[in-house]
Amino acid sequence: MSRITESARNEDCTIRLPMVCNFTPETTVLCHPNTHRAGKGKSLKAEDALGAYGCSACHAVLDGNLTRPAHLTREEVELAFWHGHAETYLKLKAKGLVK
């Protein structure tokens, strides 16, 4: 497990999907983007530095393990992820894990 992945432990969710997020830091993990543009491929995850801190509920929606709620479009979920990524990146920078 990388230092970036480990850094998600007990952090606040940065994705915060409306009416989905459980706001429970104990469930937060590093969520990776699910697009080929971010380096995802068959059996490949995107770089950790492209991730976002996400609670278990937001992560489940992002990965498709939980049906996307009708009030959210796929684009809104993706945008929430990238906003979360920006916030997470600043946290990683403050922790000295990225430059």
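In what follows, the accompanying structure is described. (Residues numbered from 1 in each chain as written. Predicted model: local features only at pLDDT ≥ 70, side-chain atom pairs only at ≥ 80, totals over all residues. Heavy atoms only, no water.)

1. A short note on the environment of Leu 30
Topologically, Leu 30 is positioned in strand β1 (residues 29-31). For Leu 30 and Ile 4, which are 26 residues apart along the polypeptide, the C-alpha to C-alpha distance reads 7.8 Å. (Helix = DSSP H or I, 4+ residues; strand = E, 2+ residues; numbered from the N terminus.)

2. Here's the deal with the environment of Leu 62
Note that Leu 62 resides in helix α2 (residues 56-63). If we ignore the near neighbours within four places in the chain, the residues touching Leu 62 are Ile 15, Cys 31, His 32, Asn 34, Val 77 and Phe 81. (Contact = heavy atoms within 4.5 Å.)

3. Some words on the environment of Ala 60
Looking at the secondary structure, you find Ala 60 in helix α2. Put simply, Ala 60 and Val 20 are 40 residues apart on the chain and 9.7 Å apart in space, counted from C-alpha to C-alpha.

4. Some details on helix α3 (residues 74-94)
For α3, with 21 residues, the first-to-last C-alpha span of 30 Å sits near the 30 Å given by 1.5 Å per residue. Those residues of α3 that sit buried are Val 77, Ala 80, Phe 81, Gly 84, His 85, Thr 88 and Leu 92. Buried residues of α3, seen end-on, are gathered within an arc of 150 degrees and therefore sit on one face of the element. Turned more than 90 degrees off the buried face of α3, the exposed positions are His 83, Leu 90 and Ala 94. Looking at the buried residues of α3, the elements they touch are α1 (3-6), β1, β2 (52-54) and α2. Directly after α3, the chain includes Gly 96, whose backbone phi takes a positive value near 80 degrees. (Expected span 1.5 Å × (residues − 1). Buried < 20%, exposed > 50% of the residue type's maximum accessible area, 1.4 Å probe, protein only. Arc of directions from axis to C-beta.)

5. Points about the nonpolar core
In terms of nonpolar packing, the biggest core is built from 16 residues, with Ile 15, Leu 17, Val 20 and Cys 58 touching the most fellow members. Ranked by residue count, the leading element in this core is α2, at four residues. When neighbours within four sequence positions are excluded, Cys 58 is seen to be in contact with Cys 13, Ile 15, Arg 16, Leu 17, Val 20 and Cys 21. Formed by seven residues, the second largest nonpolar core is a distinct cluster that contains Ile 4, Ala 8, Leu 30 and Leu 92. (Core = buried A, V, L, I, M, F, W, Y, C linked by side-chain atoms within 4.5 Å.)

6. Quick notes on the packing of aromatic side chains
For the coordinates displayed, the defined rule picks out one aromatic pair. Geometrically, the ring pair formed by Phe 81 and Trp 82 is edge-to-face, given 4.9 Å between the ring centres and 80 degrees between the ring planes. In this structure Trp 82 comes out as partly exposed when scored by relative accessible area, which is 28%. (Phe/Tyr/Trp six-rings, centres within 6.5 Å; stacked < 30°, edge-to-face > 60°.)

7. A closer look at the pattern of salt bridges
The full count for this structure, using the stated rule, is four salt bridges. When the shortest N-O distance is used, the salt bridge between Glu 87 and Arg 16 registers 2.8 Å. Here the residue Glu 87 occupies a position in helix α3, and Arg 16 occupies one in the loop between α1 and β1, the gap between them amounting to 71 residues. Relative accessible area serves as the criterion here: at 36%, Arg 16 is assigned to the partly exposed category. Here Arg 74 ties to Glu 75 by a salt bridge, and the two come within 3.6 Å at their closest N and O atoms. A relative accessible area of 58% means that Arg 74 is categorised as exposed. (Salt bridge = Lys/Arg side-chain N within 4 Å of Asp/Glu carboxyl O.)

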